[in-house]
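So you can see what is in the structure, the chains are spelled out below.
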Amino acid sequence: MGDLANAMRDLSSARQHKPRHSLVLFNMATICSQQRLFPEALECFNAAMEAGSEDDALLNNRAVVKAILGDFAGALSDLEKAVELYPSTGFVHFNRGNVLVKLENFTEAEKSYTCALRLQPGDLLTLQARGRTHAAMGEKEKALNDFRLAINLAAEDRFQRSR
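Not measured: the values here are computed from a predicted model.

Here is what the cut-offs are and how they apply
Residues numbered from 1 in each chain as written. Predicted model: local features only at pLDDT ≥ 70, side-chain atom pairs only at ≥ 80, totals over all residues. Heavy atoms only, no water. Helix = DSSP H or I, 4+ residues; strand = E, 2+ residues; numbered from the N terminus. Buried < 20%, exposed > 50% of the residue type's maximum accessible area, 1.4 Å probe, protein only. Contact = heavy atoms within 4.5 Å. Axes fitted to C-alpha atoms, helices over the stretch in contact; angles between N-to-C directions. Parallel < 35°, antiparallel > 145°, perpendicular 65-115°, else oblique. Left-handed = near helix turned anticlockwise from the far one by under 90°. Nonpolar A, V, L, I, M, F, W, Y, C, P; charged D, E, K, R; others polar. Expected span 1.5 Å × (residues − 1). Patch = residues over 30% accessible without salt bridge, like charges linked within 9 Å, V, L, I, M, F, W, Y side chains within 5 Å. Areas by Shrake-Rupley, 256 points an atom, 1.4 Å probe, with all protein chains shown as cover. Salt bridge = Lys/Arg side-chain N within 4 Å of Asp/Glu carboxyl O. Phe/Tyr/Trp six-rings, centres within 6.5 Å; stacked < 30°, edge-to-face > 60°.

Draft legend 1. Quick look at the overall build of the protein. In terms of regular secondary structure, the protein is built from nine helices and zero strands. Taken from the N to the C terminus, the helices and strands of the protein come in the order α-α-α-α-α-α-α-α-α. Burial analysis of the protein (163 residues in total) assigns 39% to the buried set. Sequence separation of at least 24 residues holds for 40% of the intrachain contacts in the protein that already meet a minimum separation of 6.

Rendered as structure tokens:
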């Protein structure tokens, strides 16, 4: 708990000094997100973008905060830009799929999850998300295949860790 208290104190102090360095702003946004202070996190992510940062983590994390706040179009815009700039980042494709599901664009969501799986083969969360997307599209056999694969991979992982 001491680390959290220190982080919050440092965050408060940093805010008073109105930092302009993108890494400081990114870290402030991350702390705000962890504390579920999403409007403040978005403010810090926006400031980090204004300070000249535009990496995959910043675009992705800002998109997640936007989605939490209900701005799915804004979240998708950030994720589209992240995919364009950093096409080999699996978690960006995964989160793009999540936002597309919220927008009920299941066909594009399935494509994003498939791309994420090419970049991160065997990712259980992505397999489960793609399975739910297939189910929403009425593709029951494809959904079952994804869920079976996820179950098998999870069982294999548990077995390997028990050795």
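From this point, the discussion proceeds with the structure in view.
Draft legend 2. Fine view of the packing of helix H5 (residues 72-85) against helix H6 (residues 90-102). Running from N to C, H5 and H6 cross one another at 150°; their axes reach a closest spacing of 9 Å. The angle between H5 and H6 falls in the class roughly antiparallel. Where H5 crosses over H6, the two elements pack in a sense that is left-handed. Contacts between H5 and H6 involve Phe72, Ala75, Leu76, Leu79, Glu80, Ala82 and Val83 on the former and, on the latter, Val92, His93, Asn95, Arg96, Val99, Leu100 and Lys102. For the contact of H5 with H6, the per-class residue count stands at nine nonpolar, two polar and three charged.

Draft legend 3. Geometry of unusual backbone geometry. Of note, Arg36 is a non-glycine position whose phi angle comes to about 65°, a positive value. Counting through the fold element by element, Arg36 comes out in the loop between helix H2 (22-34) and helix H3 (38-50). Taking relative accessible area as the criterion, Arg36 reaches 63% and is therefore assigned exposed.

Draft legend 4. Geometry of H6. An ideal rise of 1.5 Å per residue puts 18 Å on 13 residues; H6 measures up with 19 Å between its terminal C-alpha atoms. Burial in H6 covers these residues: Gly90, Val92, His93, Phe94, Asn95, Arg96, Gly97, Val99 and Leu100. Where H6 is buried, its residues meet helix H4 (56-68), H5, helix H7 (106-119) and helix H8 (124-136).

Draft legend 5. Spotlight on a nonpolar patch on the surface. A cluster of nonpolar residues, Val64, Ile68 and Leu69, forms a patch on the protein surface that exposes about 230 Å² of accessible area. Tracing the chain through its elements places Ile68 in helix H4. Accessibility expressed as a relative area gives 47% for Ile68, which makes it partly exposed.

Draft legend 6. Here's a closer look at the environment of Cys32. Note on placement: Cys32 falls in helix H2. Using a relative accessible area of 0% as the deciding quantity, one classes Cys32 as buried. When the C-alpha atoms of Cys32 and Leu42 are compared, they prove to be 8.7 Å apart, with 10 residues separating the residues in sequence.

Draft legend 7. Looking closely at the packing of aromatic side chains. Going through the model one piece at a time under the given rule, you end up with two aromatic pairs. Summarising the aromatic geometry, the rings of Phe94 and Tyr113 are spaced 6.0 Å apart at their centres and angled 50° between planes, so their arrangement reads as tilted. Here Phe94 is found in helix H6, whereas its partner Tyr113 is found in helix H7, with 19 residues between them in sequence. With a relative accessible area of 17%, Phe94 lands in the buried category.

Draft legend 8. The pattern of salt bridges, seen in detail. Summed over the entire model, instances satisfying the criterion amount to seven salt bridges. With a closest N to O distance of 3.3 Å, Lys66 and Asp78 form a salt bridge. Of this pair, Lys66 sits in helix H4 while Asp78 is found in helix H5, placing the two residues 12 residues apart along the sequence. Assigned by exposure class, Lys66 and Asp78 land together as buried. Here Glu108 and Lys111 are joined by a salt bridge, their closest N and O atoms 3.1 Å apart. In this pair, Glu108 and Lys111 both sit in helix H7, three residues apart, roughly one turn of the helix. Residue Glu108 is classed as partly exposed on the basis of its relative accessible area, which comes to 25%.

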